[in-house]
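# Breakdown of the fold
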Amino acid sequence: DATTVSSGPPPRPGEKTKETLALEKVRAAFAEYDLPDQTYCRYLRARHWDVNKAIPLIQNYLDWRAEMKPESIKWTDIAEEFETGKVFRLGLMDFKKRHVVILRPGMQNTKNHSQQMKQLVYTMESAIAMKPKESRDRMEVAPVRTPASEQLIVLLDFTGYTLRNAPPFKTSLETLKILQDYYCERLGEALLLNPPGVFRFLWKLIRPFIDKRTLKKINFLPRNFKESDLLKERFDLEDLDASLGGTGDHP
């Protein structure tokens, strides 16, 4: 749940909310970039509308995009990374209208960290591109909550995951950083499907690097996850492949 509840009394008629004032300050600080207000709001929410904390986060995001150049990544350049289906976007949405990204760490087939990160970014950009284009019009009032229409749901399928094919700690940490810092508030929820015992060790290492907001969005599903009420609450199971807990046949 990517929400931030506004504190304090409601504003008087004609008075701007603290969120709107924060948006105006951030908008002015990055006027040369002219990003959509939705983008600024996602980063502000990630830092509880603290402008002084949001500004460096946005600058890091802009610097990262300038270096990574997501718009220049081509499928043909990273085709090998897609051969096993370890990362991909599903052509469906959950009941909250969130597009779905699948991560299957047990199907790792390369050791090229740079290419793996490009694959993740390519997939995220592909999923986001399916969403309505964000308006360039300025918002009169900054929305306190991140709409589900701006978010994604990530399913981590641990089938075949072992210590032998587990991604290096560096790769896991960079994956977290990309999802958490460079796609702020894009992660609406992450469902971990039957994580094996060997994953618990990695989880203990990486958990301290996960901020509290992101941590609340991560749900571990048990071994019998295919009978989980959580999946039934999120998806039409007929649209979800059996390998992911559904009743469909959609490899």
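So, here is what we can say about the structure in this document. It should be emphasised that the depicted structure is a prediction, and the values quoted were computed from it without experimental measurement. (Residues numbered from 1 in each chain as written. Predicted model: local features only at pLDDT ≥ 70, side-chain atom pairs only at ≥ 80, totals over all residues. Heavy atoms only, no water.)

### Quick notes on the overall build of the chain
Across its full length, the chain holds 8 helices and 5 strands. Of the regular secondary structure in the chain, the N- to C-terminal order runs α-α-α-β-β-α-β-α-β-α-α-β-α. A compact globule built from 251 residues should have a C-alpha radius of gyration of about 18 Å, and the chain, at 19 Å, falls within 12% of that. Principal axes of the C-alpha set define a box for the chain whose edges measure 55 × 40 × 35 Å. Pairs at least 24 residues apart make up 73% of the contacts formed inside the chain by residues separated by at least 6 positions. As presented, the chain carries roughly 13,600 Å² of accessible surface, and 53% of it is formed by carbon and sulfur atoms. (Helix = DSSP H or I, 4+ residues; strand = E, 2+ residues; numbered from the N terminus. Rg over C-alpha atoms; globule rule 2.2 N^0.38 Å. Contact = heavy atoms within 4.5 Å. Areas by Shrake-Rupley, 256 points an atom, 1.4 Å probe, with all protein chains shown as cover.)

### What to know about the packing of helix H4 (residues 113-129) against helix H5 (residues 169-182)
Where H4 contacts H5, the two axes come as close as 11 Å, and the packing angle between them is 25°. Between H4 and H5, the angle falls in the class roughly parallel. Crossing hand, H4 versus H5: right-handed. The segment H4 lies against H5, with His113, Gln116, Met117, Leu120, Val121 and Met124 engaging Lys170, Thr171, Glu174, Thr175, Ile178 and Leu179. (Axes fitted to C-alpha atoms, helices over the stretch in contact; angles between N-to-C directions. Parallel < 35°, antiparallel > 145°, perpendicular 65-115°, else oblique. Left-handed = near helix turned anticlockwise from the far one by under 90°.)

### Some remarks on helix H1 (residues 18-29)
Here H1 contains 12 residues, and its C-alpha end-to-end distance of 17 Å stays within 8% of the 16 Å for a straight helix at 1.5 Å per residue. Residues Glu19, Thr20, Ala22, Leu23, Val26 and Arg27 constitute the buried set of H1. Seen end-on, H1 carries its buried residues on one side only, within an arc spanning 160°. Structural note: H1 exposes Lys25 and Ala28 on the side pointing more than 90 degrees away from its buried face. Looking at the buried side of H1, the elements it contacts are helix H2 (37-46) and helix H3 (51-68). (Expected span 1.5 Å × (residues − 1). Buried < 20%, exposed > 50% of the residue type's maximum accessible area, 1.4 Å probe, protein only. Arc of directions from axis to C-beta.)

### Topic: the packing of aromatic side chains
Any pair of aromatic rings gets described here by the distance separating the centres and the angle formed by the planes. Following the criterion strictly, the structure yields 14 aromatic pairs and no others. Relative to Phe82, the ring of Trp75 lies with its centre 6.1 Å away and its plane at 25°, an arrangement referred to as stacked. Assessed through its relative accessible area of 43%, Trp75 is described here as partly exposed. Given the relative accessible area of 18%, Phe82 is considered buried. (Phe/Tyr/Trp six-rings, centres within 6.5 Å; stacked < 30°, edge-to-face > 60°.)

Function cannot be inferred from these measures alone, as they are strictly geometric.
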